[in-house]
Each structure stands twice: as C-alpha cells, then as structure tokens.
Amino acid sequence: MLCWTISLKIQVVNALVAANVVLCRRKARRMDADETGRIFRPSRFQGKLRSAGSQAGKKASTLTGNFPPKVFSFFARGDEGHMAQYGSFPRSWRCYGPLASGLVGIIFCLFLAATGKGQTQWVEVRQIGPFFCYAEFPLAEVPQIPRTLAQLEADLIRSLGIQPQPTAVEVYLFAEERNYRSFVAQFYPDVPYRRALYVRREGRPVVLAYRSEQLDIDLRHECTHALLHSWLPYVPLWLDEGLAEYFEQPPGRRAFGHPHLRIVRLQAFFGRNPSLEKLEAITAMESMGEKEYRASWGWVHYLLHGPPEANEEFRLFLQTIQAGGLSPPLSVRLRNRIPKLEENFRHHFRSWHP
Ligand SMILES: [Zn+2]
C-alpha cells in the first residue's frame, strides 16, 4: 500500500513535470544557458558507444549519447556539478505558474492512468553519497546496493589518491530486465545489449542497471566510470576500463579474487605480459575485447599492488591529469622509474599470493 501510494505520488509528480517540460522546453533551454552561464552542449563523449563488458559482450558498458527527455528524470535538477534536493523540480517547472502546470499535469496524469502508459514507477528514491538512486523496487530488498554505493567512492579516493569533486550521479535501477531493455530500446535503439550502462546526460553522469544477481558488480563497474569521469578531465580508455574492472569486485576480492588473476598470473609464469603501449594506443571501444579488458586490469593491479615506485608514478600521473596538466603516457613515466618494466610486471604476478 505504501509503495502504491509512493508510486502514485511519483506518477503525479512525473506527469506534472512531463506536461510542464513540454510547455516550457524552449524557455527552459534559455534558462539553462542563463543560469549555468553556458548552453548545454553535447559532451566530448557524446554519440560514442563505449562498449564493453569483459564477459563476452554481456557485461556492463559505457554509453554516451542524448539522454531521454527530462520527463524521465523527474527529480533530477538543473546545474551540473551541484546536487539537487530530493523533490525539487527542474528549473523548467518554475517557468510557468504552478496552477497552469498543475492543471495540465493532472490531465496528463489522468491520461496516463487511463492508458496505462507512462514513465517508470520509482518505488524508492534515495541519496547514497554522491549517488542519487531511483529504484523500481525497495532498496532494502537488495541490501548490497546501499553498501556497494556507500563504499565505492571512499575506496576510489583511497586507492587512487585523487581529490574527489562534488558529484551527482543519477542511478536508475529497474526491477526487471525487460523494463531496462524497453527503456534502452526506446532511447538508445542502436546500442548493443549490455547489462548496465553509463551515460552522460547534459554532462551529468547517469548509470542504468536492472535487478539481477550481478547487479552489485554492474553498479560498481559503471559507477566507477561515473566517478572517474566526474573527477578527472579525461581518463585514458584502457585505464578507465582497467579501473572499472578492478573495482567491480567487492573489496575482499579485488586484490586476490578477480577472475582475471588466474590467466594473467599464468601468462606471467610463461614469460608473457600485456603491452602497456598497445593498450595506450587504443582509442575506440570497438578495439576493447576480453583480452584487452584483462590486460587493462592486469596493469591496474600492478599499479595498485606492485612496487611502490609504480604506485607513486601512477598517483602522480592521476594528479597531473586532475590538475589539468599534460602528462606523458603512463608507460613513459613508468619506464623512467622502472627500466625493466615488463620483467617487473611478470615478477609481480608470479609472486602475488595471499
Ligand atoms: Zn566499462
């Protein structure tokens, strides 16, 4: 009953905003430009599919593109880089009197109720650190979600040594795969199927996922992308995916329990190691296959758990990027500190045991 009531309230609010957005679209755009000092433009990633999952194309991926209309994100607010308060309306709401919008919204709501069609029914809306979750199911039913999201930001900060920036990541959680598929098919018809997505919407990070046994892994993977791209002006593709692969595992499995570890260690025993330069040369997600994901994970593992000079150079590299500076590729920096880099990489994995 409570859920039904919440859903009804949300539907009403959603409908009100939907109607209002239709009415105010042009004016809202002007307000966006006025209030933020710039007009929303496609981000530099827009239009590119950052494909990807490591597990035979079934995994999470990073997608960028035009986000669905604001009606979908009825609570999401305006300015990039600043948090919204729950229940606040988009700025477009304020551009007409509440009476007119309310009347239109009620009519629209009745229409939705009559047709049975409308927006997603968010049963719960909750802020967890920088993540604003909109879920089609009570989050208490999947307790690992709040735990996962609450811990991820702190883990990234501690491991990478970079300064967190004010961030608002919208996380949309669908109750069933079909709801998620339907939504993605509607708004991203050209996107190959992935279990979860990371998108940029008007510059803001958004994560989409559905309830499954792998939901916590998907969330950690995609939310790692979301935080990295919120904190850093750019992230090399291989490093972006390598870090997402690393942090997708629960904390207790990251160092020793990742499925990639067995193969990377086996290769090290046979004198083989992935080329960091080859990974750095990859600029398109289409070139990232399972081998490249595993290799990226391997180098991230080496940077985080390898010799102190490798970790130090990695942190300096990230700090330079975050400060807006230009840095040589990480491979160059590492070779200056560790002359026999490949040998050191193999030694790290050959001797890596709990
Ligand atoms: Zn990814």
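Residues numbered from 1 in each chain as written. Predicted model: local features only at pLDDT ≥ 70, side-chain atom pairs only at ≥ 80, totals over all residues.

Undergrad: Run through the overall build of the protein chain, naming residues and quoting values.
TA: Tallying secondary structure elements over the protein chain gives 13 helices and 7 strands in all. Residue burial in the protein chain is summarised as follows: out of 354 residues, 40% are buried. (Helix = DSSP H or I, 4+ residues; strand = E, 2+ residues; numbered from the N terminus. Buried ≥ 20, exposed ≤ 12 C-beta atoms within 10 Å, placed from the backbone.)

Undergrad: Give me the pairing of strand β6 (residues 196–201): which residues, what numbers.
TA: In terms of burial, β6 is a largely internal element, 6 of the 6 residues being buried. Residues Ala196, Tyr198 and Arg200 point to one face of β6 and Leu197, Val199 and Arg201 to the other, with burial holding for every one of them. With 6 bridges joining them, β6 and strand β7 (residues 204–210) adopt antiparallel strand pairing. Pairing of valine 199 across the sheet is with valine 206, part of β7. Count of turn residues in the β6/β7 antiparallel hairpin: 2 residues, of which glutamate 202 carries a positive phi of about 50 degrees. (Pairing = 2+ DSSP bridges.)

Undergrad: I'd love a proper account of the nonpolar core, names of residues and values included.
TA: By size, the foremost hydrophobic cluster in this structure holds 59 residues, and its most contacted members are Val169, Val171, Leu173, Val207, Leu208 and Cys223. Each of domain 1 (2–231) and domain 2 (245–350) accounts for three or more of the residues forming this core. Once residues within four sequence positions are removed from consideration, leucine 208 is found in contact with Tyr172, Tyr180, Ala196, Leu197 and Val199. (Core = buried A, V, L, I, M, F, W, Y, C linked by C-beta atoms within 7 Å. Domains from an automatic or database assignment. Contact = placed C-beta atoms within 7 Å.)

Undergrad: Quick rundown of the pairing of strand β4 (residues 131–135)? Include the residues and the values.
TA: Burial runs high along β4: 5 of the 5 residues are buried. Side chains of β4 alternate between two faces, with Phe131, Cys133 and Ala135 and Phe132 and Tyr134 buried alike. Across 5 bridges, the pairing between strand β3 (residues 124–128) and β4 is antiparallel. Bridge pairing in β4 places isoleucine 128 opposite phenylalanine 131. A loop of 2 residues connects β3 with β4, the two strands running antiparallel in sequence, and glycine 129 in this loop sits at a positive phi of about 60 degrees. Crossover β4 to strand β5 (residues 169–174) through helix α3 (residues 144–160) is left-handed. (Right-handed = clockwise from strand over helix to strand, strands pointing away.)

Undergrad: How would you explain the confidence of the model for the protein chain if you had to name every residue and give the values?
TA: Averaged over every residue, the pLDDT of the protein chain is 75; the share at 70 or more is 66%. In the model, residues 1–118 has pLDDT below 50 throughout and makes 160 contacts with residues more than four positions away in sequence or in other chains. (pLDDT = per-residue confidence, 0-100.)

Undergrad: So what's going on with the packing of helix α5 (residues 215–231) against helix α6 (residues 237–248)? Which residues, and what values?
TA: At a closest axis distance of 8 Å, the pairing of α5 and α6 adopts a crossing angle of 140 degrees. Taken together, the axis directions place α5 and α6 in an arrangement best described as oblique. Handedness of the α5/α6 crossing: right-handed. Counting all contacts with α5, which are made through Ile217, Arg220, His221, Thr224, His225 and Leu228, the residues of α6 involved are Asp240, Leu243, Ala244, Phe247 and Glu248. The residue inventory of the contact of α5 with α6, partitioned by class, reads 5 nonpolar, 3 polar and 3 charged. (Axes fitted to C-alpha atoms, helices over the stretch in contact; angles between N-to-C directions. Parallel < 35°, antiparallel > 145°, perpendicular 65-115°, else oblique. Left-handed = near helix turned anticlockwise from the far one by under 90°. Nonpolar A, V, L, I, M, F, W, Y, C, P; charged D, E, K, R; others polar.)

Undergrad: How would you summarise helix α10 (residues 290–305) if you had to cite specific residues and measurements?
TA: Residue pairs spaced three or four apart in an α-helix point in one direction, given the helix's 3.6 residues per turn. The end-to-end C-alpha distance of α10, which contains 16 residues, comes to 22 Å, matching closely the 22 Å that a straight helix rising 1.5 Å per residue would cover. What α10 keeps buried is the set Glu292, Tyr293, Arg294, Ala295, Ser296, Trp297, Gly298, Trp299, Val300, His301, Tyr302 and Leu303. (Expected span 1.5 Å × (residues − 1).)

Undergrad: Account for the environment of glycine 325, with residues named and values stated.
TA: Along the chain, the position of glycine 325 falls in the loop between α11 (308–322) and α12 (330–337). Take glycine 325: there are 9 C-beta atoms within 10 Å of it, and that puts it in the exposed class. Taking the C-alpha atoms as reference, glycine 325 lies 9.9 Å from proline 233; in sequence the two are 92 residues apart.

Undergrad: Could you give me a rundown of the environment of tyrosine 198, with the residues and numbers involved?
TA: Note on placement: tyrosine 198 falls in strand β6. By C-beta crowding, tyrosine 198 is classed as buried, having 30 other C-beta atoms within 10 Å. A C-alpha to C-alpha distance of 9.9 Å links tyrosine 198 and glutamate 170, two positions 28 residues apart in sequence.

Undergrad: How would you sum up the packing of α10 against α11? Please name residues and give values.
TA: Where α10 meets α11, the closest approach of the two axes is 6 Å, and the angle between their N-to-C directions is 105 degrees. Judged on the interaxial angle alone, α11 and α10 are roughly perpendicular. Along its contact with α10, which presents Tyr302, Leu303 and Leu304, the element α11 presents Ala310, Asn311 and Phe314.

Undergrad: Can you explain unusual backbone geometry? Please cite residues and give values.
TA: One non-glycine residue, glutamate 202, lies in positive phi territory at about 50 degrees. Within the fold, glutamate 202 resides in the loop between β6 and β7. A tally of 18 C-beta atoms within 10 Å means that glutamate 202 is categorised as partly exposed.

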